[in-house]
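Structural overview
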Amino acid sequence: MRHGESVANVFDRRREVPEGDVDRLTERGHGQARELGRRLKGEGIEAIVASPMRRAQETAAGINEVLELPLTTDDELFEVRQSDAFYAKLPDAAEHATLAWMPTAPVDEAPEGAESFAEILGRVRRSLERLEAAGPQRLLVVSHYGVLHFMLGLTMFGDDFGPEHLLPVYKVGHANTGISIFTRHEHRLLDGIPFPGWALTTWNDRAHL
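Read on for a plain summary of the structure. (Residues numbered from 1 in each chain as written. Predicted model: local features only at pLDDT ≥ 70, side-chain atom pairs only at ≥ 80, totals over all residues. Heavy atoms only, no water.)

**Side note on the pattern of salt bridges**
For the structure on display, the rule yields 12 salt bridges. One salt bridge connects Arg39 with Asp205, and the closest N-O pair in it is separated by 2.7 Å. Remark: Asp205 occurs in strand β7 (residues 197-205) and Arg39 occurs in helix α2 (residues 27-40); sequence separation between them is 166 residues. When its relative accessible area of 30% is taken as the criterion, Arg39 is described as partly exposed. Residue class for Asp205 comes out partly exposed when judged on its relative accessible area of 22%. Taken together, the shared-partner salt bridges connect Asp74, Glu76, Arg126 and Arg130 into one network. (Salt bridge = Lys/Arg side-chain N within 4 Å of Asp/Glu carboxyl O. Helix = DSSP H or I, 4+ residues; strand = E, 2+ residues; numbered from the N terminus. Buried < 20%, exposed > 50% of the residue type's maximum accessible area, 1.4 Å probe, protein only.)

The structure is reproduced here in structure tokens:
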């Protein structure tokens, strides 16, 4: 799932630079987290794994007010890091945004301060490997828009996923606290053709919102 509404999300819509820590949840975001906890009660979730960023941690805590599950942090599930030039030019930073330069850039190159495609892909892969290593559990993972879209790209394109796929993949939107279900299959056949690995079952379920 994506975290609840943050101060930064409100800034993105209104184009007004907010005061204080923009990584915190808004009151609406806290409410979304608690409502999602109520939605997932009885669904067999066994543990929660969250990004280290404040908005994800606060979302996980709000959910856990209802579910009361083991909660851990995966330090590599943080949001895609933008360039120094992007942050320096807010709120008019579109020309420096990841999606402005990454689709045509070499996979291992990035502007100062930003992550390359290869760096983001590497940490998302490692996070998925840790989720696999946890065994056959139903885990709730609290992360971010960019991470979810890299997971989507990996699921759709596998080892062929590259920067050229980013724009069409990012056109598939995702709401705050939207639920996406990825399942891991050792053996899965579709019309007799094997489809092992990660599969997408549900994308951006917002019925609780």
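So that's the structure; there's more coming.
**Some thoughts on the packing of helix α6 (residues 117-133) against helix α7 (residues 145-157)**
For the pair α6 and α7, the least separation of the axes is 10 Å and the interaxial angle reads 80°. The angle between α6 and α7 places the two elements in the roughly perpendicular class. Contacts between α6 and α7 involve Phe117, Ile120, Leu121, Arg123, Val124, Arg125 and Leu128 on the former and, on the latter, Val147, Phe150, Met151 and Leu154. Of the residues assigned to the contact of α6 with α7, the class counts are 9 nonpolar, no polar and 2 charged. (Axes fitted to C-alpha atoms, helices over the stretch in contact; angles between N-to-C directions. Parallel < 35°, antiparallel > 145°, perpendicular 65-115°, else oblique. Contact = heavy atoms within 4.5 Å. Nonpolar A, V, L, I, M, F, W, Y, C, P; charged D, E, K, R; others polar.)

**Details of the environment of Glu109**
For Glu109, the location among the structural elements is in the loop between α5 (98-101) and α6. According to the relative accessible area criterion, Glu109 is partly exposed, its value standing at 47%. Taking C-alpha positions, Glu109 is 9.3 Å from Glu119, a pair spaced 10 residues apart along the chain. If sequence neighbours within four positions are ignored, Glu109 has contacts with Trp101 and Ser116.

**Some points on the packing of aromatic side chains**
Applying the stated criterion across every chain, the model contains 6 aromatic pairs. Seen in terms of ring centroids, Phe86 and Tyr87 are 5.3 Å apart; in terms of plane orientation they differ by 85°. Their pairing is edge-to-face. Clustering of aromatic rings is evident, with ring pairs tying together Phe117, Phe150, Phe157 and Phe161. Sitting over the face of the ring of Phe78, Arg123 holds its NZ or CZ atom 3.6 Å from the ring centroid. (Phe/Tyr/Trp six-rings, centres within 6.5 Å; stacked < 30°, edge-to-face > 60°. Lys NZ or Arg CZ within 6 Å of the ring centre and 35° of its normal.)

**As for the environment of Asp75**
By the element assignment, Asp75 lies in the loop between β2 (71-73) and α4 (84-88). Of the residues examined, Asp75 reaches a relative accessible area of 55% and is grouped as exposed. It is 23 Å that separates the C-alpha atoms of Asp75 and Thr26, two residues lying 49 residues apart in sequence.

**Structural notes on α2**
Given a rise of 1.5 Å per residue, 14 residues ought to cover 20 Å, and the 20 Å separating the end C-alpha atoms of α2 matches this to within 8%. Taken together, the buried positions of α2 are occupied by Gly29, Gln32, Ala33, Leu36, Gly37 and Leu40. Each buried residue of α2 sits inside an arc of 140° when the element is viewed along its axis, so together they form one side. Facing away from the buried side of α2, by more than 90 degrees, are the exposed residues Glu27 and Arg28. Buried positions along α2 lie against α3 (54-67), β3 (139-142) and β4 (179-185). (Expected span 1.5 Å × (residues − 1). Arc of directions from axis to C-beta.)

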